[in-house]
Structures are given as C-alpha cells and as structure tokens.
Amino acid sequence: MEKLGLNEIRQRFRDFYISKDHYAGKSASLIPRNDKSLLLINSGMAPLKNYFAGVETPPAKRMTTCQKCIRTGDIDNVGITARHGTFFEMLGNFSFGDYFKRQSLEWGLEFMTEWLHMPFEKIWATVYENDDEAVEIWKDLGMPAERIVRLGKDDNFWEIGLGPCGPCSELYFDRGEEYGCGSPDCKPGCDCDRYLEFWNHVFTQFSKEEDGSYSNLANPNIDTGMGLERMACIMQGVDSIFDIDTIRHILNGVVAKSGVEYKDGQVPTDVSMRIITDHLRSMTFMIGDGIMPSNEGRGYVLRRIIRRAARHGRLLGIDGQFLAKLSETVINESKDGYPELDEKKEFIFKVLTEEE
C-alpha cells in the first residue's frame, strides 16, 4: 500500500471520479446557502440537499466534491482522542437519478484497490440487514461472504426525519489483530479499534412519509462520504489524525512556538497542542469563508474556538499573540486544495490578530 499524503489522496479521488464522467465541484462555503436548519456545513452532502430533494437542478447528474466541514458537538473530546476534530474534509461522489448501487460499489472498490492500492483482503463491508441486493453485489465483486457484515437500522440505514432516506454500505479497514479485542467474533460493529470505518455509500431509494411508511423514490440517488483525514491515517499507517503529514506540520509549529516537547498524545501538554492544532484549522477556514468573531451564531462558534486555542497556548507557556502566525502553516498545507486561503491570507491574519 502506498504511503500517500493527504493532498495527494484528495487529488486522486477527484481525478478518479472525473475519469468516470463526474462533474468536479468546488467545496461549498462553510456558511450554508438557503438552509436555515444548519449553522455551519457539517457534511459532504449538506450543500447538495436541494439537488437530492429536486428543489434545484444540479450542474450534472454525476458529481464529486471534497467538502470542508465543521462539527463542534464533540469539542470536549478534541485533543483527548486520536480522531476527534472540529474541522475535517469529506470526499464524496454523488448521483442524482443516474447510477445506483452496483456502479457505486464497483467504482468504490476500483478506487480503493487500483488507485490507492489498498490490500483487498483488509477491506470489509457492512450492509443493512435487509439489503440482500447489496450483499449480492459485494459477492459478485469478489468480497468473501465472511467479510460482509449485516447490521441493523442504527448502523446501516440513513435517514433524518421525513423525506429521502435509504440503506447504506460502509467500508472498513482491518488494522490487524494487535488492535483487536481478542474475541473470535471480532468484526465491524465491534467496539474495539481493529476495524476502522472510512467510507459510507448511502443508497437513497426511499422516502419516509408522515405515517411512518416508506415509499420508493422515482429516481434513486447515491451519496457517499469518505473522511479524508481518516483515509490518510490508513494510507500513512498512523493511529491519530495529528500524525497525518499536513496536520503534523501544523502541530510541529505549535511545538516550536511553545518550546514544549510533544510526546505520545496522552499528557496534558500534548492535549493542549492537539487542541490548538485542530482549532487553527477551523478558525483559518472559517475566516477564509467570511465568518467573523461575534457573540452569536456561527460567529460565536469561531470566537469560542479562537479563545479556546489562545487559552491552551497560555497553558503551554506561550507569551503574546501566536495564532495568526501559526495559521500560515494551515494555509500553506491546504492551499493546493483551497487556493482561496492563500488569496485571503492577509485578511485571515488581520482578523485573528485583532480577535486574539
């Protein structure tokens, strides 16, 4: 398996789906457009909801994007765990009434094994317990029956309230017995760290009605989401998002600024470094999209993140302002995928300097 950088994985995903006649859309702004239900964009499909609902016409029936996302629900876990972050990137391919299950899974397997050179024997699939069609497709594609796991509605059926919904198939990477719980029944769905979920293929084929029933959609859709940072962990053979190439470069800047050694991620100073590293990514992208610190709404989310990072800087013994300077590393590491960050660099520095 190749050891690929985060930026290279993003580009390969984009190139692969362009080769399959997908329109490559830019990441939408973190500020939702025509969607009052969200404070910030929090998933790859969130900016595309009107396309799935038929309210707007997509630029093409096949699309691929890499979407910048913010989620703060687990903010208290950031820095403590290996994989929680407030900012992340979500790779996705989407079909609006064009291809469906077989094509989505077939192309997914092709990308994993031929473009990323992931070992096929390490890949597992989960499917919704009643989705016999997905099981048969995986078998036709060569997936052994023992690596296809049926799970219930909580795990493998995507729905949010009423409207479009459907079963899904999630892809897992087997990290090896040394990460497992030792149980002979250990497989995806187990609470141990052996199997890492990295790509979800959602088959939006039903509509949930007010009476609780499900009707068939006239034009089934495909919505997939692959966490870029999580895939980078797999491709680079590391256990934590903070050890991925681009994110580690940001963390190294925090180490240099504080003069404190980064150890194994478990001591308090390591947690502070991780929090600053993650929050630097969030604040840089948020300001780049025009979000300003304030005392309400998304502006308050930004203000909270900035102040939290500044506080942890003080805990590390950093004197004076430091966030604007360290945000430059975020921009340099991300400008290949998001050139607008480099274009707005001085503005980002100005806002961070004034707020800090």
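Residues numbered from 1 in each chain as written. Predicted model: local features only at pLDDT ≥ 70, side-chain atom pairs only at ≥ 80, totals over all residues. Heavy atoms only, no water.

### Some points on the pairing of strand β9 (residues 214–227)
Pairing of strand β3 (residues 87–96) with β9 involves 5 bridges; the strand directions are antiparallel. Among the inter-strand pairings, F94 is bridged to a residue of β9, identified as D223. Bridge analysis of strand β8 (residues 195–208) against β9 gives 9 bridges, and the strand direction is antiparallel. Note that in β9 the partner of F206 across the bridge is N216. A loop of 5 residues connects β8 with β9, the two strands running antiparallel in sequence, and G212 in this loop sits at a positive phi of about 90°. (Pairing = 2+ DSSP bridges. Helix = DSSP H or I, 4+ residues; strand = E, 2+ residues; numbered from the N terminus.)

### Let's talk about the packing of aromatic side chains
In this structure the tally under the stated criterion is 18 aromatic pairs. Considering the side-chain rings of F16 and W115, the 5.2 Å spacing of their centres and the 80° angle between planes classify their relative orientation as edge-to-face. In this pair, F16 sits in helix α1 (residues 6–19) while W115 sits in helix α3 (residues 101–115), placing the two residues 99 residues apart along the sequence. Residue F16 is classed as buried on the basis of its relative accessible area of 0%. Since its relative accessible area comes to 28%, W115 is described here as partly exposed. The interplanar angle of 75° and the centroid separation of 5.7 Å between the aromatic rings of F157 and Y214 together place this pair among those described as edge-to-face. (Phe/Tyr/Trp six-rings, centres within 6.5 Å; stacked < 30°, edge-to-face > 60°. Buried < 20%, exposed > 50% of the residue type's maximum accessible area, 1.4 Å probe, protein only.)

### What to know about helix α6 (residues 228–236)
Across the 9 residues that make up α6, a large majority, 8, are buried. Of the residues making up α6, those classed as buried are L228, E229, M231, A232, C233, I234, M235 and Q236. Following α6 by one or two positions, G237 adopts a phi angle in the positive range, close to 65°.

### Details of the environment of S183
By the element assignment, S183 lies in the loop between β7 (163–174) and β8. S183 sits in the partly exposed class, given a relative accessible area of 34%.

### Some details on the pairing of strand β5 (residues 148–151)
As judged from the 4 bridges shared by strand β4 (residues 123–128) and β5, these two strands associate in the parallel manner. Across the sheet, A125 pairs through a bridge with I148, a residue of β5. In this region the chain leaves β4, passes through helix α4 (residues 132–140) and returns to the parallel neighbour β5; the handedness of that crossover is right-handed. (Right-handed = clockwise from strand over helix to strand, strands pointing away.)

### Here we look at the nonpolar core
Counting 81 residues, the largest nonpolar core has M118, W138 and F198 as its most contacted members. Considering every element that reaches this core, the biggest residue donor is helix α8 (residues 268–288), with 7 residues. With near-sequence residues (within four places) excluded, F198 lies in contact with M112, M118, L171, Y172, F173, G225, M226, G227, R230, M231 and I234. (Core = buried A, V, L, I, M, F, W, Y, C linked by side-chain atoms within 4.5 Å. Contact = heavy atoms within 4.5 Å.)

### Here's the deal with the pattern of salt bridges
Taken as a whole and assessed by the stated rule, the structure comprises 30 salt bridges. Between D140 and R102 there is a salt bridge whose closest N-O contact spans 3.5 Å. With D140 in helix α4 and R102 in helix α3, the pair connects residues that are 38 residues apart, well separated along the chain. A relative accessible area of 37% means that R102 is categorised as partly exposed. The salt bridge involving K208 is made with E159; its shortest N-O contact spans 3.6 Å. Linking K208 in strand β8 with E159 in the loop between β6 (157–158) and β7, this pair joins segments that are 49 residues apart in sequence. A network of salt bridges, in which partner residues are shared, links R10, E89, E229 and R281. (Salt bridge = Lys/Arg side-chain N within 4 Å of Asp/Glu carboxyl O.)

### Points about the packing of α8 against helix α12 (residues 345–355)
Running from N to C, α8 and α12 cross one another at 115°; their axes reach a closest spacing of 9 Å. The handedness of the crossing between α8 and α12 is right-handed. From α8, M283, T284, I287 and G288 reach across to α12, where they touch F347, I348, V351 and L352. Here the contact of α8 with α12 is built from residues that sort into 6 nonpolar, 2 polar and no charged. (Axes fitted to C-alpha atoms, helices over the stretch in contact; angles between N-to-C directions. Left-handed = near helix turned anticlockwise from the far one by under 90°. Nonpolar A, V, L, I, M, F, W, Y, C, P; charged D, E, K, R; others polar.)

### Brief notes about unusual backbone geometry
Both trends apply: most residues other than glycine have a negative phi, and most peptide bonds are in trans. A positive phi angle, near 65°, is found at D21, a position not held by glycine. Summarising the element assignment, D21 is placed in the loop between α1 and β1 (23–24). Assessed through its relative accessible area of 61%, D21 is described here as exposed. The backbone phi angle of N34 is positive, close to 55°, even though this residue is not glycine. Within the secondary structure, N34 sits in the loop between β1 and α2 (49–53). Relative accessible area serves as the criterion here: at 59%, N34 is assigned to the exposed category.

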